[in-house]
Amino acid sequence: MAGRNDPHGNNRDIRDDFRAEIREFLGTRRARVTPEQAGLPLYGGERRRVTGLRREEVALLAGISSEYYTRLERGNATGVSESVIDGIAQALQLDEAERIHLLDLLRGAGTTRPPRRRPAQQHVRPTVQRVLDSMAGTPAFILSGRGDILAANHLGRALFSPVYADPARPPNNARFVFLNPHATEFFRHWDEVANDTVAMLRAEAGRDLYDRRLTDLIGELSTRSEEFRRRWAAHNVRMHTTGVKLLHHPAVGNLDLPFETFPLPDSPSQFLLTYTPEPHSPTQDALNLLASWAATNDAIERPAPADDSQPADSAETPD
């Protein structure tokens, strides 16, 4: 991550971090693809030092020279063409999220801008908050790329009341998943959620290694959670735009909640998350009960004051 050698970014090439990320990402992608999976022949009695593909094998599959691919994997990303990227993506069997991540890293390796000390605060427009509030029967949130809950409607706050129990503002899903002992009860498939959370943070980091709040969060999680460190080292990235979240809410029990996410075009690194249960299902009944519970529970309506000198307000206070 940014500042791995110098946290203040002094006296070093700011592209070094991206080059290191390229090297580690491509190395982990090579390691997971066997010659058999790539359609390459194995010669009898050959002893391989690596379980996955060698650099020269990736180069062969991508239609480029071994020397060129080796330079690229070492982070020399100057002037890489679209066709070369396509060839490498095909050779390493990258999915769309991984291909975009590689493009982000290559773009970053060519930048000369200095790292930002502190990113601009993320604001949720009042009109967006009104949209959330109009979705009275649907838990709805605005999330940042690093997992901050920037805004929510009343039912959303009720659904994620265990996350809101942390006094830090804004509430952060990644911090809850890895640092809160109740997370394994709240997420019935915690291991899957943990993998997805790290994969989304890794993708966000590829877009901007110098987002100070993001690097601070990753540093905190790496220091305090072995589960996070192990997953972070895998360099997995993922697009997680739809699916079903299996929750266990302390007030209403098990919930099977299909979800959809929608990017906000005018707000980079923000997206709308909604949970919509099947009509007339047990989950819909439980969600109706949760709405009644929320109507009489003031704690979820008025979260604890924000820290870091942020205004005392609900989760809608932008970070």
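Residues numbered from 1 in each chain as written. Predicted model: local features only at pLDDT ≥ 70, side-chain atom pairs only at ≥ 80, totals over all residues. Heavy atoms only, no water.

A. Focus on the packing of aromatic side chains. Applying the stated criterion to the full structure yields eleven aromatic pairs. Judged by centre distance (5.8 Å) and plane angle (85°), the rings of phenylalanine 160 and phenylalanine 186 are edge-to-face. Pair noted here: phenylalanine 160 is in the loop between helix H8 (154–159) and helix H9 (161–164) and phenylalanine 186 is in helix H11 (residues 183–186), with a separation of 26 residues, a long-range link. On the basis of an interplanar angle of 85° and a centroid distance of 5.3 Å, the ring pair of phenylalanine 178 and phenylalanine 228 is categorised as edge-to-face. Taken together, the residues phenylalanine 178 in helix H10 (residues 173–179) and phenylalanine 228 in helix H14 (residues 226–232) connect sequence positions 50 residues apart. Site record: aromatic cluster; members linked through ring pairs are Phe141, Phe160, Phe176, Phe186, Phe187, Phe259 and Tyr275. The ring of tryptophan 232 carries arginine 202 above its face, with NZ or CZ at 3.7 Å from the centroid. (Phe/Tyr/Trp six-rings, centres within 6.5 Å; stacked < 30°, edge-to-face > 60°. Helix = DSSP H or I, 4+ residues; strand = E, 2+ residues; numbered from the N terminus. Lys NZ or Arg CZ within 6 Å of the ring centre and 35° of its normal.)

B. Looking closely at the layout of surface pockets. Taken as a whole, the largest pocket spans an internal volume of roughly 830 Å³. Forming the walls of the largest pocket are 39 residues, and the residues nearest its centre are Gly145, Met200, His240, Thr261 and Phe271. Top contributing element to the lining of the largest pocket by residue count: helix H12 (residues 190–207), with eight residues. In terms of residue class, the lining of the largest pocket is made up of 20 nonpolar, twelve polar and seven charged. (1 Å grid on protein atoms, 1.4 Å probe; cavity = no way out; pocket = protein on both sides within 12 Å on 5 of 7 lines; lining within 4 Å. Points joined across faces, edges and corners; volume = space filled by probe spheres on them. Nonpolar A, V, L, I, M, F, W, Y, C, P; charged D, E, K, R; others polar.)

C. Focus on the pairing of strand E1 (residues 140–144). By the criterion of burial, E1 is predominantly enclosed, with five of the five residues buried. Burial of the side chains of E1 extends over both faces: Ala140, Ile142 and Ser144 are buried on one face and Phe141 and Leu143 on the other. Here E1 pairs with strand E5 (residues 270–275) via five bridges, running antiparallel. By the bridge assignment for E5, serine 144 is matched with glutamine 270. Summarising the sheet, E1 and strand E2 (residues 149–152) pair through three bridges and their orientation is antiparallel. (Buried < 20%, exposed > 50% of the residue type's maximum accessible area, 1.4 Å probe, protein only. Pairing = 2+ DSSP bridges.)

D. Highlighting the sheet that holds E5. Pairing is antiparallel across the open sheet formed by five strands, whose spatial order is E2-E1-E5-E4-E3. Every interior strand has two partners, whereas the edge strands, E2 and strand E3 (242–249), have only one. Recorded for the sheet is a direction-independent mean angle of 30° between the axes of neighbouring strands. Inspection of the sheet shows E3 paired to strand E4 (residues 253–263) by eight bridges, in the antiparallel sense. Paired with leucine 246 across the two strands is aspartate 256, which belongs to E4. Helix H7 (residues 126–134) rests against E1, E2 and E5 of the sheet, and its axis sits at about 55° to E2. (Axes fitted to C-alpha atoms, helices over the stretch in contact; angles between N-to-C directions. Contact = heavy atoms within 4.5 Å.)

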